[in-house]
Amino acid sequence: MDFRDSQACPASSICSAYSNFRTCAKALWSPSSSFLLLEEGERFAKMVISLGDDAGELLAKGYLALGLVYSLQATDAVVKSTQDDLHRKALETLERAERLAPEDHQIIFYVSLQLALVRQCGSDSCLTDAAEELSSRSGNEVSTKWDSEGVTWN
């Protein structure tokens, strides 16, 4: 089956495949399998992105997944130039996801986190900006707390 053919792969099939991928990733996760999972995640995200508008609302999630893969690959990279290139690709890809789904809180969070990782703003500053943006868009109060456990959204 050609996944670029919208007749052969309707959006419901993508949802099912995405759900199956997430389930397998959780079941198979171990430090030794992380490279293979990232490689598979990149392939799957690019498959969704290749559908273009036929992917519907999943197109933004495809860009989100690809951006996260690039960010994780950057974390694993040893060579500084490779890290920088992957962080740049991650940020560009995540920002593309945000343009496609500007109301998606998860995408806003990961764009903010990636900005903090590449030190374009401090961790607290990026996350506070993201919380303020989410608050203004949703009409609800959103706050963050950054500690050794990571970030907590309230």
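Everything in this summary refers to the structure shown in the same document. Every value quoted in this text rests on a predicted model; they were computed, and no experiment measured them.

A look at the packing of helix α3 (residues 58-76) against helix α5 (residues 105-117)
Following both chains from N to C, one finds α3 and α5 inclined at 25 degrees, their axes separated by 11 Å at the closest point. By the angle between their directions, the pair α3 and α5 is classed as roughly parallel. At the point where α3 passes α5, the crossing takes the left-handed sense. Contact with α3, carried on its side by Ala60, Lys61, Leu64, Leu68 and Ser71, involves Gln106, Ile107, Tyr110, Gln114 and Leu117 of α5 and no other residues of that element. Of the residues that constitute the contact of α3 with α5, the class distribution is 6 nonpolar, 3 polar and 1 charged.

Considering the environment of Ile107
Considering the arrangement of structural elements, one finds Ile107 in helix α5. When the C-alpha positions of Ile107 and Ala97 are compared, they lie 6.8 Å apart, and in sequence the two are 10 residues distant. The residues contacting Ile107, other than those within four sequence positions of it, are Ala60, Leu64, Leu94, Ala97, Glu98 and Ala101.

Concerning the environment of Ile108
By secondary structure assignment, the location of Ile108 is in helix α5. Judged by its relative accessible area of 3%, Ile108 falls in the buried class. The spacing of Ile108 and Glu95 is 13 residues in sequence and 8.7 Å in space, taken between C-alpha atoms.

Side note on α5
Along its 13 residues, α5 runs 18 Å from first to last C-alpha, staying within 8% of the 18 Å computed at 1.5 Å per residue. Inspection of α5 places Ile107, Ile108, Phe109, Val111, Ser112, Gln114, Leu115 and Ala116 among the buried residues, and these make up the whole buried set. You can read the cap of α5 off the contacts: a side-chain oxygen lies 2.9 Å from the backbone nitrogen of Gln106, and it is on Asp104.

Regarding the packing of helix α4 (residues 80-100) against α5
Interhelical geometry of α4 versus α5 gives an angle of 155 degrees and a closest axis separation of 9 Å. With respect to each other, α4 and α5 are oriented roughly antiparallel. In this structure, the crossing between α4 and α5 has a hand that is left-handed. Side by side, α4 and α5 meet where His87, Ala90, Leu91, Leu94, Glu95, Ala97 and Glu98 of the first sit next to Ile107, Ile108, Tyr110, Val111, Gln114, Leu115 and Leu117 of the second.

So, the side chain of Gln114
Relative to the elements of secondary structure, Gln114 occurs in helix α5. Polar contacts involving the side chain of Gln114 include one to the side chain of Ser71, which spans 2.7 Å. Residues in contact with Gln114, not counting those within four places in the same chain, are Ser71, His87, Ala90, Leu91 and Leu94.

Examining the pattern of salt bridges
Summed over all chains, the structure comprises 6 salt bridges. Among the salt bridges present, the one from Lys46 reaches Glu42, with a minimum N-O distance of 3.0 Å. With Lys46 and Glu42 both in helix α2 (residues 34-50) and 4 residues apart, this pair spans about one turn of that helix. A relative accessible area of 41% places Lys46 in the partly exposed class. Here Glu92 and Arg88 are joined by a salt bridge, their closest N and O atoms 3.1 Å apart.

Here's the deal with the packing of aromatic side chains
For the coordinates displayed, the defined rule picks out 1 aromatic pair. Consider the rings of Phe109 and Tyr110, whose centres lie 4.9 Å apart with planes at 75 degrees: the pair is edge-to-face. Note on Phe109: relative accessible area 13%, which makes it buried.

The rules behind each value
Residues numbered from 1 in each chain as written. Predicted model: local features only at pLDDT ≥ 70, side-chain atom pairs only at ≥ 80, totals over all residues. Heavy atoms only, no water. Axes fitted to C-alpha atoms, helices over the stretch in contact; angles between N-to-C directions. Helix = DSSP H or I, 4+ residues; strand = E, 2+ residues; numbered from the N terminus. Parallel < 35°, antiparallel > 145°, perpendicular 65-115°, else oblique. Left-handed = near helix turned anticlockwise from the far one by under 90°. Contact = heavy atoms within 4.5 Å. Nonpolar A, V, L, I, M, F, W, Y, C, P; charged D, E, K, R; others polar. Buried < 20%, exposed > 50% of the residue type's maximum accessible area, 1.4 Å probe, protein only. Expected span 1.5 Å × (residues − 1). Polar contact = N/O pair within 3.5 Å; in protein donor to acceptor, adjacent residues only side chain to side chain. Salt bridge = Lys/Arg side-chain N within 4 Å of Asp/Glu carboxyl O. Phe/Tyr/Trp six-rings, centres within 6.5 Å; stacked < 30°, edge-to-face > 60°.

Treat this as a map of the structure, not an account of what it does.
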